2 protein chains.
Amino acid sequence: MHLLIVGGSDAGIAAGLRARELDPTSRVTIVVADRFPNYSICGLPFYLSGETPEWRQLAHRTTEELTSAGLDLLLNQTVTAILPSRHEVRVEDGHVAVGSLSYDRLVVATGAQPLPANLPGLGLPGVFPLHTMDDSFRVHDRLARGDVERAVIVGSGYIGLEMADALTQRGVQVSLFGRSATVLATVDPSFGHIISDELRRHGVDVFQGVAAEAIEADVGRLTVRGSEGTEVTAELVLVAPGVQPNASLAVDAGVETGVRGAIRVDRHMRTNLLDVFAAGDCVETWHRVLSAPTYLPLGTTAHKQGRVAGENAVGGERVFEGSLGTQVVKVFELAIARTGLRDPDARAAGFDPITVESEAWDHKQYYPNPRPLRIRVTGDRRTGRLLGAQMLGHWQAEIAKRIDVFAAALFHGMRVDGLSDLDLSYTPPLGSPWDAVQIAAQAWERAALAVAA
Amino acid sequence: MHLLIVGGSDAGIAAGLRARELDPTSRVTIVVADRFPNYSICGLPFYLSGETPEWRQLAHRTTEELTSAGLDLLLNQTVTAILPSRHEVRVEDGHVAVGSLSYDRLVVATGAQPLPANLPGLGLPGVFPLHTMDDSFRVHDRLARGDVERAVIVGSGYIGLEMADALTQRGVQVSLFGRSATVLATVDPSFGHIISDELRRHGVDVFQGVAAEAIEADVGRLTVRGSEGTEVTAELVLVAPGVQPNASLAVDAGVETGVRGAIRVDRHMRTNLLDVFAAGDCVETWHRVLSAPTYLPLGTTAHKQGRVAGENAVGGERVFEGSLGTQVVKVFELAIARTGLRDPDARAAGFDPITVESEAWDHKQYYPNPRPLRIRVTGDRRTGRLLGAQMLGHWQAEIAKRIDVFAAALFHGMRVDGLSDLDLSYTPPLGSPWDAVQIAAQAWERAALAVAA
């Protein structure tokens, strides 16, 4: 059995490892477009901040580890065509055709690509996207020249925020442009305001609700002009506009697409083509609460989908159980996390949502350094079902794993009041007899009860 | 409706608050044997270590907060008899009968009491139990005299370990006696050894597998003699032998008991007597994995049972969903957590358990200060069902909330391989694309597969 995988990032590698784990007789070949298989792209901000001094540390696994797990890697090679009727792909090295590879099963894991930013001046020297290892090397080299005093970051999603943190740590004065009304539009505005305050507290100039309209060069400097007359000059501009599926290879071969042009897959990660699976940032993602496909390009999801695809490619019958859009990001001293739906998504999906924000301590106040957590719980008024949660507080206040308790509850379709039934751990330095997640759930119940009355 | 509650600790207060929340017309009276309603007994070690300088901080709520929530508190009063046929209790203040109180519904929340230690010399000056607020004042006063250089702690359960940490922080040289083969017998020996190393690293003398046999006084000093000829002299001896249900008041009234003499209750926290509920450390606890009653005196469980009892006392139909024995304790730099069953309990209950220990990092190694976590996953070989988990590592490595992810999975009867389906959060400073709990679950799967093959 020859399993061929196009793409050497999270989904592709996860598929290959799982296939080899379950069927050590299978042959697995992974075609990787660059020379960085299995790199943690989520780690780029920490490489650029200097917290991770050596870029090679960003590898989830070394090439040697992958090879000794039985994966054949073809680096710096590009698949230019899939020929499904022949069970073959065409491969190029640089722009030189190197031939064809046949497959019994194929996994397409071609990832995402930056959204077109439609911003004049994108091609100027000193303006960089941040999507690949090579992008980050270019930014790193630019910073190493030592003359970057000011930077503009266009985009206030999680990569924009992490880069604002990273560059500030390197002593660069950062201005952040965001189109949405508040930063990190994947959480509610009340949290966005707190995050903006945190950015400003660390010296970041936040221009929110401002669309970047053009970048202009002038004697070695760059000026970013935005709506409302905003204008900031800097030596470096980073553009983080979000991503879209990189699906054209599959589409050209006849693969069907769905939400936002992502490859359509069933819950087994099969495409419409025989023996062709797909996984990761190039595919639609089944949303467990919505019971519908969405587009949620996240590393965690890519790993899971890849693992399912790899298992099924060697004869398994594993179902992808769905994503909840669980995410966490650290911005200076804050961690911000979310899982499931917020009011607008929930309402659009036909739920009757109510979101209640409350505060609880990460541990008993009598033990040193208690940290307040702000928690927003979204539930359905009619059924009491938990729909989502958001949490914000000090990054060492166990927020990442507390959102996971909500995620586990969501996974099982629990009601908000069911959270109080969970037997969670407690010791005064690390929690409360009712953990913060349960205190927040109880606050939701009281508020929902009050609304109903 | 008059709800009378006997006992002002976790279960009693939780019952009263829940009753008032759901039925603001109800009258709730709580009879409290001392003057410390709603105190966090779990906080005593931190008061004695000095980390919590003021004992009043240990109150979960002040008396004023309880009163303004509509709870009538009778402090320093003791219920000496329940007369179920008359729906009355007899009350004493000190040893003076002060009369009778009638009830429509009664909640017995009389808690636990120390196990008889059967240790000659227990009554000597300088020998203290640690069970009540008054116990801790006595220890505090003894320490405040400033001449305690050495202490012996008898008992290596979580209170013994927390006190070893607390007294070491105060500059006292601690010797710890434990009867079980390894400390903290509620986790497996491989963890016990690591905890002993941590204790020794901080200067604690650990005498493990040693039963204290007698305490003797000699010119102001105390000598603890143990099995195997062990003999340690100190100025202070703390005895933490574990607890048993304090059920005699209820038993005298005709309430039935079960496991270890705890009050027998149904899943609604009703006793066999009409209109008499019971909750907390005095009752049997339904174990969700065993589907059987156990005795698990824990604050978290007491809060939950009290809440259920309070809800049902005012006409609700809430079911106690069961305990998993989830616990976490901090000992110096370590946190140690557990939930569910370990091999011996699981085997005794008819499961076919296998426990696999593995190591994972709390966050991506390329981000500063990664901490290794040791994780033991117990699952059923036949069905793949998750039965329990134990985790140990640095106390700031989100262990408390990671064990909660296992607890949430156990609550829902998940299989071990289902953990990989959970959509958990990830950012490099706080996790991995597969969180440590999922890495441990995957290690279990591989080992179980290898055993099966």
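This text gives an overview of the structure that appears in the document. Owing to the predicted nature of the structure, the values given are computational and were not obtained by experimental measurement.

Criteria and thresholds
Residues numbered from 1 in each chain as written. Chains lettered and ligands numbered in written order. Predicted model: local features only at pLDDT ≥ 70, side-chain atom pairs only at ≥ 80, totals over all residues. Heavy atoms only, no water. Helix = DSSP H or I, 4+ residues; strand = E, 2+ residues; numbered from the N terminus. Rg over C-alpha atoms; globule rule 2.2 N^0.38 Å. Buried < 20%, exposed > 50% of the residue type's maximum accessible area, 1.4 Å probe, protein only. Areas by Shrake-Rupley, 256 points an atom, 1.4 Å probe, with all protein chains shown as cover. Lys, Arg positive; Asp, Glu negative; His and termini not counted. Charge placed at Lys NZ, Arg CZ, Asp CG, Glu CD. Least-squares fit on C-alpha atoms with pLDDT ≥ 70 in both. Contact = heavy atoms within 4.5 Å. Expected span 1.5 Å × (residues − 1). Axes fitted to C-alpha atoms, helices over the stretch in contact; angles between N-to-C directions. Parallel < 35°, antiparallel > 145°, perpendicular 65-115°, else oblique. Nonpolar A, V, L, I, M, F, W, Y, C, P; charged D, E, K, R; others polar. Phe/Tyr/Trp six-rings, centres within 6.5 Å; stacked < 30°, edge-to-face > 60°. Lys NZ or Arg CZ within 6 Å of the ring centre and 35° of its normal. 1 Å grid on protein atoms, 1.4 Å probe; cavity = no way out; pocket = protein on both sides within 12 Å on 5 of 7 lines; lining within 4 Å. Points joined across faces, edges and corners; volume = space filled by probe spheres on them. Pairing = 2+ DSSP bridges. Buried area = accessible area lost by both parts, 1.4 Å probe. Salt bridge = Lys/Arg side-chain N within 4 Å of Asp/Glu carboxyl O. Left-handed = near helix turned anticlockwise from the far one by under 90°. Polar contact = N/O pair within 3.5 Å; in protein donor to acceptor, adjacent residues only side chain to side chain. Core = buried A, V, L, I, M, F, W, Y, C linked by side-chain atoms within 4.5 Å.

## What to know about the overall build of chain A
Phase 1: Counting its regular elements, chain A contains 11 helices and 25 strands.
Phase 2: Relative to the globule expectation of 22 Å for 453 residues, the C-alpha radius of gyration of chain A, 23 Å, shows essentially globular dimensions.
Phase 3: By principal-axis analysis of the C-alpha atoms, chain A measures approximately 70 × 60 × 40 Å.
Phase 4: For chain A, buried positions account for 59% of its 453 residues.
Phase 5: Taken as a whole, chain A presents about 16600 Å² of accessible surface, with 49% of it coming from carbon and sulfur.
Phase 6: One finds the centroid of the 42 positive side-chain charges in chain A at a distance of 3 Å from the centroid of its 54 negative side-chain charges.

## Concerning the relation of the copies chain A and chain B
Superposing the two chain copies requires a rotation about an axis and a translation along that axis.
Phase 1: Its rotation angle being 180 degrees, the transformation that places chain A on chain B also includes 0.0 Å of axial translation and leaves an RMSD of 0.0 Å. In symmetry terms, the pair is related by a two-fold rotation axis.
Phase 2: A high fraction, 100%, of the interface residues of chain A reappear at the interface in chain B, so the copies pair face to face through one surface.

## With respect to helix α10 (residues 399-411) of chain B
Residue and element names in this part refer to chain B.
Phase 1: End to end, α10 covers 18 Å across 13 residues, agreeing with the expected 18 Å (1.5 Å per residue, within 8%).
Phase 2: With 13 of its 13 residues buried, α10 lies for the most part within the structure.
Phase 3: Directly after α10, the chain includes G413, whose backbone phi takes a positive value near 65 degrees.

## Section: the packing of helix α10 (residues 399-411) of chain A against α10 of chain B
Phase 1: Contact pair α10 of chain A / α10 of chain B: the axes reach a minimum separation of 8 Å and the direction vectors enclose 5 degrees. As far as their axial angle goes, α10 of chain B and α10 of chain A are roughly parallel. Along its contact with α10 of chain A, which presents K401, R402, D404, V405 and A408 of chain A, the element α10 of chain B presents K401, R402, D404, V405 and A408 of chain B.
Phase 2: Across the contact of α10 of chain A with α10 of chain B, the residue classes break down as 4 nonpolar, no polar and 6 charged.

## Let's talk about the packing of aromatic side chains
Phase 1: As enumerated under the stated definition, the model contains 18 aromatic pairs over all chains in all.
Phase 2: Between F46 of chain A and Y367 of chain B, the aromatic rings sit 5.2 Å apart at their centres with planes inclined by 85 degrees, giving edge-to-face as the arrangement. Placement of F46 of chain A in helix α2 (residues 44-49) and of Y367 of chain B in the loop between β23 (353-361) and β24 (372-380) is noted, with the two residues assigned to different chains. By the burial criterion, F46 of chain A is buried, and Y367 of chain B matches it.
Phase 3: With 6.5 Å between their ring centres and 75 degrees between their planes, Y367 of chain A and W395 of chain B make a pair best called edge-to-face. Separated into two different chains, Y367 of chain A in the loop between β23 (353-361) and β24 (372-380) and W395 of chain B in the loop between β25 (386-394) and α10 make up a pair that spans both. You'll find Y367 of chain A and W395 of chain B in the same group, each marked buried.
Phase 4: Through successive ring pairs, a cluster of aromatic residues spans F36, Y39, Y47, W55 and F137 of chain A.
Phase 5: The positively charged end of R288 of chain A is found above the aromatic ring belonging to F411 of chain A, 3.6 Å away from the centroid.

## What to know about empty space enclosed by the protein
Phase 1: With the rule as written, the count across this model stands at 6 cavities of 30 Å³ or more.
Phase 2: Each residue belonging to the lining of the largest cavity can be placed in one class, and the counts come to 3 nonpolar, 2 polar and 6 charged.

## Details of the sheet that holds β25 of chain B
Residues and elements named next belong to chain B.
Phase 1: The strand order across the open sheet built from 5 strands is β21-β22-β25-β24-β23, with neighbouring strands paired in antiparallel fashion. One side of each edge strand has no neighbouring strand; the edge strands of this open sheet are β21 (327-331) and β23. Recorded for the sheet is a direction-independent mean angle of 10 degrees between the axes of neighbouring strands.
Phase 2: In the sheet, β23 pairs with β24 via 9 bridges, with the strands oriented antiparallel. Residue pairing for β24: W361 is matched across the bridge by P372.

## Quick notes on the interface of chain A and chain B
How big an interface is tends to be reported as the loss of accessible area on association of its parts.
Phase 1: On the chain B side, the residues contacting the 65 residues of chain A number 65 residues.
Phase 2: For the chain A and chain B pair, buried surface summed over both sides reaches about 6200 Å², with 59% attributable to carbon and sulfur atoms.
Phase 3: Summed over the three residues of chain A that lose the most area to chain B, namely Y366, K401 and D423 of chain A, the buried surface amounts to 14% of that side.
Phase 4: Across the chain A-chain B interface, the total number found is 12 salt bridges.
Phase 5: Note that E445 of chain B is salt-bridged to R307 of chain A, the shortest N-O span being 3.6 Å.

## Describing the environment of H394 of chain A
Residue and element names in this part refer to chain A.
Phase 1: Along the chain, H394 falls in strand β25 (residues 386-394).
Phase 2: With 329 residues separating them along the chain, H394 and E65 place their C-alpha atoms 36 Å apart.
Phase 3: Not counting chain neighbours up to four residues away, the residues in contact with H394 comprise E333, A335, R371 and I399.

## A few points about the packing of helix α1 (residues 10-22) of chain B against helix α8 (residues 299-313) of chain B
Residue and element names in this part refer to chain B.
Phase 1: The N-to-C vectors of α1 and α8 enclose an angle of 35 degrees; their axes lie 7 Å apart at closest approach. In the packing of α1 onto α8, the handedness of the crossing is right-handed. Of the residues in α8, those in contact with D10, A11, A14, A15, R18, A19, E21 and L22 of α1 are G299, A302, H303, G306, R307, G310 and E311.
Phase 2: The class makeup of the residues in the contact of α1 with α8 is 6 nonpolar, 4 polar and 5 charged.

## Re the side chain of H394 of chain A
Residue and element names in this part refer to chain A.
Phase 1: Exposure remark for H394: the relative accessible area of 15% places this residue in the buried category.
Phase 2: A distance of 3.4 Å separates the side chain of H394 from the side chain of E333, its partner in a polar contact.
Phase 3: From its side chain, H394 meets the backbone nitrogen of Q396 in a polar contact 3.0 Å long.

## So, the pattern of salt bridges
Phase 1: This structure, assessed with the given rule, holds 64 salt bridges over all chains.
Phase 2: Of the charged contacts, one joins D435 of chain A and K401 of chain B as a salt bridge, the two residues approaching to 2.9 Å between their closest N and O atoms. Within this pair, whereas D435 of chain A is found in the loop between α10 and α11 (436-452), its partner K401 of chain B is found in helix α10, the two belonging to separate chains.
Phase 3: A relative accessible area of 0% places K401 of chain B in the buried class.

## What about unusual backbone geometry?
Residue and element names in this part refer to chain A.
Phase 1: For E228, which is not a glycine, the phi torsion comes out positive at approximately 65 degrees.
Phase 2: With respect to the helices and strands, the residue E228 is situated in the loop between β14 (221-226) and β15 (231-234).
Phase 3: Judged by relative accessible area, which is 71%, E228 ranks as exposed.
Phase 4: The residue R260 is not glycine, and still its phi comes out positive at about 50 degrees.

## Quick word on the sheet that holds strand β4 (residues 77-83) of chain A
Residues and elements named next belong to chain A.
Phase 1: With antiparallel pairing, the 3 strands of this open sheet are ordered in space as β4-β5-β6. Looking along the sheet, the strands with just one partner apiece sit at the ends: β4 and β6 (96-102). Mean inter-strand twist for the sheet, computed between neighbouring axes without regard to direction, equals 25 degrees.
Phase 2: Pairing analysis gives 6 bridges linking β4 to strand β5 (residues 88-93), with the strands arranged antiparallel. Looking at the pairing, V79 lines up with V91 of β5.

## Some words on the nonpolar core
For soluble globular proteins, the rule of thumb is that nonpolar side chains tend to be buried together.
Phase 1: Counting residues in hydrophobic clusters, the biggest one holds 172 residues, and the most contacted among them are I195 and L199 of chain A together with L199 of chain B.
Phase 2: Apart from residues lying up to four places away in sequence, I195 of chain A is in contact with L161, V183, L184, V187, V331, L334, I336 and L392 of chain A.
Phase 3: Of all hydrophobic cores here, the second largest spans 45 residues; its members include L3, I5, A15 and A302 of chain A.

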